[in-house]
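Chain residues, written in single-letter form:
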Amino acid sequence: MKFDSRIPSGPIQEKWDKCRFDMKLVNPANKRKYTIIVVGTGLAGGAAAATLAELGYNVKCFSYHDSPRRAHSIAAQGGINAAKNYQNDGDSIYRLFYDTVKGGDFRAREANVYRLAQISVNIIDQCVAQGVPFAREYGGLLANRSFGGAQVSRTFYARGQTGQQLLLGAYQALERQIDAGKVQMFTRTEMLDLIVVNGQARGIVTRNLIDGRIEVHFGDAVCLGTGGYGNVFYLSTNAKNSNATAIWRAYKRGAAFANPCFTQIHPTCIPVSGDYQSKLTLMSESLRNDGRIWVPLRKGDKRAPNQIPEAERDYYLERRYPSFGNLVPRDVASRAAKAVCDEGRGVGETGLGVYLDFGDAIRRLGAQPISERYGNLFEMYDRITGEDPYKVPMRIFPAIHYTMGGLWVDYRLQSTVPGLFVLGEANFSDHGANRLGASALMQGLADGYFVIPYTIGDYLASNKFDKVGADTPEAVEALDNVRNSNKKLLSIKGKRTVDSFHKELGKYMWDYCGMGRNEKGLTQALGKIAELREEYWKNVNVLGENAEINQSLEKAARVADFLELGELMCLDALERRESCGGHFREEWQTPEGEAMRDDEQFSHAAAWEFTGVGKRPIRHTEQLTFEYVHPSQRSYK
């Protein structure tokens, strides 16, 4: 397996311009000769499909939802970063680049991150032109707010529903191309395998989720914008149907999987309330702008929050990190919350919670400005918990959220399978070991609107494509592989439900590969998950038949992939003998409990090559070099 990151030479400020100039172009009249498959309709996939079609390519777009606008990008709340410096508070492209590299604990490619910062300024203009209703200042200029990991205000937002508004912009652009006949849209259709012909990605195998039909679709290139794999933990802030199947099946066809253990714990989530829950609810990080986080000073203090006087409260983030306070990055805030709860100072019935208190802000600003900024978030919290955040503090606790790992891609977003491009959260490229808040929307739109339209053209112009069809041997094999897998799942007729296996896997992942990880626990997890995977294929009970709507079969295939992915995540975490960002190996921490990297041994991306189910994959590395932001111990004090 060859790894060539294809990072252009020259100063970092000129790399993307040089790359674009060096790439081959496709004549506008020739673009209609090519077909591109796009899987996923979130910000990355939807933006890519719309833009590629606008350029003249024929696009086949796939979504397992009934509408492209239901993609999980809709759930993003707080905002999108861009280095516009509208606040005149010292921001710049370089500062956004610096904050992102530092926030990722120096485990991302500098070139990719700088390009992301450059493109960020164009994204806002694009979205405003589409009619995205960003919040505005009194004078009409776009408003900004702060987010964790930065000391400037660079986050553009639409109340607490930024992802929804951005997705509607991409959705309108996509629908325009569907109406024009340039995009063929396949809803309620799930990708189940990748077709690789002569070493090139040439198509996908899908299942129609309404009638169970297994079909093949062909193109000259394939783009995956299918999101992350946080649901391997069972309880996460992801939508219940979010899954890893597309990227996992691509991994099994030769696409390297990079840094799978880099998962993000979000510090601002409504705590778990019972075993009946199937997912968790995120409270936007933007709330940390005006909300203050605290716990009682005294261990075991179970008084109502409004009965605890100021002198008996510990605003622990403000105490430990005075420069950033409540706006430290997500990994730092999450570990700090875990630490005070481990001390016995957590709040709520379970003791697994901390307070996010708006009392000071309401007294300072009044309730109306707070409602204008966060009103829909307050309403959502009230509906879920029955508690009014205007009157009592919110209770929050860390939860699995985003995944920084994903399929390995080069600077041009191409995986180790030629012709397979991976966008947004599905790839590994831009966030290192910890994503700063409001950067997921930025990356998804940068990849879809501004990167892939250039880079995929160079690939198409540089290659010749043989005709492929349903009788191509690789397509027949992939089709049979999917049919046989579904048939096997339906034939087991065991005694355990799919969800029971998923819950057990999630418990192992959270206990051994969650906020804290160590060699003993990861080794145990590898053994337990392997046993669970073997039992799954002997004892799972999948209801129904294939030739019908069958959500039990959908879940069963996804959980089978999660079981294999969970093993890889634990193996990756075991092999990375350092702490960095969201990957916290308890053996490697500073005396203050902060993550301690080992730059000499692990300043690289780990990319895994599939060798077979149950067999140890091969670990490759891509060395990371830092010419502009030199690695140092992260400090937010």
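Parameters and conventions
Residues numbered from 1 in each chain as written. Predicted model: local features only at pLDDT ≥ 70, side-chain atom pairs only at ≥ 80, totals over all residues. Heavy atoms only, no water. Salt bridge = Lys/Arg side-chain N within 4 Å of Asp/Glu carboxyl O. Helix = DSSP H or I, 4+ residues; strand = E, 2+ residues; numbered from the N terminus. Buried < 20%, exposed > 50% of the residue type's maximum accessible area, 1.4 Å probe, protein only. Pairing = 2+ DSSP bridges. Axes fitted to C-alpha atoms, helices over the stretch in contact; angles between N-to-C directions. Contact = heavy atoms within 4.5 Å. Parallel < 35°, antiparallel > 145°, perpendicular 65-115°, else oblique. Nonpolar A, V, L, I, M, F, W, Y, C, P; charged D, E, K, R; others polar. Phe/Tyr/Trp six-rings, centres within 6.5 Å; stacked < 30°, edge-to-face > 60°. Lys NZ or Arg CZ within 6 Å of the ring centre and 35° of its normal.

Peer 1: So what's going on with the pattern of salt bridges? Residues and values would help.
Peer 2: Within this structure, the stated rule accounts for 55 salt bridges. A salt bridge links Lys-338 to Asp-342, with the nearest nitrogen and oxygen atoms 2.9 Å apart. Highlighted residues: Lys-338 and Asp-342, both in helix H9 (residues 330-342), separated by four residues, approximately one helical turn. Given the relative accessible area of 28%, Lys-338 is considered partly exposed. When its relative accessible area of 54% is taken as the criterion, Asp-342 is described as exposed. Among the charged side chains, a salt-bridge network with shared partners connects Asp-105, Arg-107, Asp-331, Arg-335, Arg-576, Glu-578, Arg-597, Asp-599 and Arg-634.

Peer 1: Talk me through the sheet that holds strand E17 (residues 420-422); I want residue IDs and the actual numbers.
Peer 2: The five strands are arranged E5-E2-E1-E9-E17 in an open sheet whose pairing can be described as parallel. Looking along the sheet, the strands with just one partner apiece sit at the ends: strand E5 (183-186) and E17. Going across the sheet, the axis of each strand differs from the next one's by a mean of 20 degrees, ignoring polarity. Examined bridge by bridge, strand E9 (residues 221-224) and E17 share three bridges and lie parallel to one another. By the bridge assignment for E17, Val-222 is matched with Leu-420. Across the sheet, helix H12 (residues 440-462) touches strand E1 (35-39), E9 and E17, and the angle it forms with E9 is around 155 degrees.

Peer 1: For the packing of helix H14 (residues 498-513) against helix H15 (residues 519-539), give the residues involved together with the corresponding values.
Peer 2: Taken N-terminus to C-terminus, the directions of H14 and H15 make an angle of 170 degrees; their axes are 9 Å apart at the nearest point. Relative to H15, the element H14 is oriented roughly antiparallel. Across the interface between the two elements, Val-498, Phe-501, Glu-504, Leu-505, Tyr-508, Met-509, Tyr-512 and Cys-513 of H14 pack against Gly-521, Leu-522, Gln-524, Ala-525, Lys-528, Ile-529, Leu-532, Glu-535, Tyr-536 and Asn-539 of H15. Looking at the contact of H14 with H15 residue by residue, the classes come out as twelve nonpolar, three polar and three charged.

Peer 1: Give me the lowdown on the packing of aromatic side chains, citing residues and values where you can.
Peer 2: Aromatic ring pairs are described here by two measures, namely the spacing of the ring centres and the angle between the planes. What the rule picks out here adds up to 28 aromatic pairs. One aromatic cluster is present, built from ring pairs that chain together Tyr-229, Trp-248, Tyr-251, Phe-257 and Phe-610. A cation sits over an aromatic face here: Arg-115 above Tyr-411, 4.2 Å from the ring centre. Over the ring of Tyr-64 we find Arg-558, and its NZ or CZ is 5.1 Å from the ring centre.

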